[in-house]
Amino acid sequence: MWVWSARDLDGAWGFLERRRVTELFLHVPWEVRRRRDERARIADAVARAHRAGIRVSALGGTPDWIHRPGEVVRRWLRPALEAAPFDGVHLDVEPDFGQDRARAARGLVDVAETVRAQLPAATPLEVDVRFWYPSVRLGDTDLARALCGPADCLSIMSYRRRTSGADGSIELTRPTARAVAETGSAFRVGQETLDLGPGPVQTKQTFFGRPAAELDAALGRLREALADAPGFAGLAVHDLPGWQALPRD
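## Considering the pairing of strand β2 (residues 23-27)
Inference 1: The element β2 is largely enclosed, with a buried count of four among its five residues.
Inference 2: Sheet topology places strand β1 (residues 2-3) next to β2; two bridges connect them, and they run parallel. In the strand pairing of β2, Trp2 is matched with Phe25.
Inference 3: Note that the unit made of β1, helix α1 (residues 13-18) and β2 has a crossover that is right-handed.

Given below as structure tokens:
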């Protein structure tokens, strides 16, 4: 589960237990070593999660990170890993592909490779990917397969309320799942709960305003459909406040 502020965890531990959450992606701000209060809050959250048996990865990323991977290491990665005993690192960079998709793709792989090179071998790196990354060519491969090199796991943002059909989350996940199977990496599937806007393109991507039971059912169908896929590592929800806000009977 994506958690964009340690403050969001205040009062949420019972919810996490009820929803059987096993891993958090906890956001760490840029240059967190300069923010003493935030460092303390993050360290406390990680300690409490560990006591509850929940793994925590340091979450970070903005689109411009593809242009400054060295700075990412110096001003985000190292301070983040000093702030708390994280179990892994989770990148959510999502560059703007615009007209030069190859440049954006190369930049995303570069920052993932740079971060990977600075991590101990036992520390997993996970990268958020859009479901259409297999369609982005990068030399003799594609972006999804290229990211499987530095990343131990890909979080596929297959954001759809529907699970079935050509535009459903299951089918949208399959191309990246095939890339993972070929490379020996792992993947999980993300679902959205935040308000993306009123239009049909936006509303079909999120469970915002829908009953929590509808999300639960979709997660169940995803797990059933993908459980036997090589490298399947489970599901993830974006984000904690959004999930908590879904109407419940």
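## Structural notes on helix α8 (residues 212-226)
Inference 1: In a regular helix each residue adds 1.5 Å, so 15 residues correspond to 21 Å; α8 covers 21 Å between its end C-alpha atoms and thus fits that length.
Inference 2: Each element contacted by the buried residues of α8 is listed here: α6 (169-183), β9 (186-192), β10 (232-238) and α9 (240-245).

## Observations regarding the side chain of Thr193
Inference 1: Assignment of secondary structure puts Thr193 in the loop between β9 and α7 (200-203).
Inference 2: Among the polar contacts listed, one links the side chain of Thr193 to the backbone nitrogen of Asp239, at a separation of 3.3 Å.
Inference 3: With sequence-adjacent residues up to four places away left out, Thr193 is seen in contact with Thr206, Phe207, Phe208, Leu215, Val237, His238, Asp239, Gly242, Trp243 and Leu246.

## As for the environment of Thr176
Inference 1: Inspection of the secondary structure puts Thr176 in helix α6.
Inference 2: Judged by relative accessible area, Thr176 falls into the buried class, the value being 0%.
Inference 3: Residues Thr176 and Ile156, 20 residues apart in the sequence, show an inter-C-alpha distance of 7.5 Å.
Inference 4: Apart from the residues lying within four places of it in its own chain, the contact partners of Thr176 are Val129, Phe131, Pro134, Ala144, Leu154 and Ile156.

## Considerations on the environment of Leu226
Inference 1: Following the sequence through the fold, Leu226 ends up in helix α8.
Inference 2: Each C-alpha atom of the pair Leu226 and Leu138 lies 27 Å from the other, and the pair is 88 residues apart in sequence.
Inference 3: Residues within four places of Leu226 in sequence aside, it is in contact with Thr173, Arg174, Phe187, Val189 and Phe232.

## Topic: the nonpolar core
Inference 1: One finds Leu16, Leu24, Leu26, Trp76 and Leu147 to be the most contacted residues of the largest nonpolar core, which totals 77 residues.
Inference 2: Of all the elements, helix α4 (residues 101-118) adds the most residues to this core, at seven residues.
Inference 3: Beyond its immediate sequence surroundings of up to four residues, Trp76 is in contact with Val28, Pro29, Trp30, Ala58, Leu59, Gly60, Trp65, Glu71, Val89 and Leu91.
Inference 4: Among the nonpolar cores identified, the runner-up in size contains six residues, and Phe25, Leu59, Met157 and Tyr159 belong to it.

How each quantity is defined
- Residues numbered from 1 in each chain as written.
- Predicted model: local features only at pLDDT ≥ 70, side-chain atom pairs only at ≥ 80, totals over all residues.
- Heavy atoms only, no water.
- Buried < 20%, exposed > 50% of the residue type's maximum accessible area, 1.4 Å probe, protein only.
- Helix = DSSP H or I, 4+ residues; strand = E, 2+ residues; numbered from the N terminus.
- Pairing = 2+ DSSP bridges.
- Right-handed = clockwise from strand over helix to strand, strands pointing away.
- Expected span 1.5 Å × (residues − 1).
- Contact = heavy atoms within 4.5 Å.
- Polar contact = N/O pair within 3.5 Å; in protein donor to acceptor, adjacent residues only side chain to side chain.
- Core = buried A, V, L, I, M, F, W, Y, C linked by side-chain atoms within 4.5 Å.

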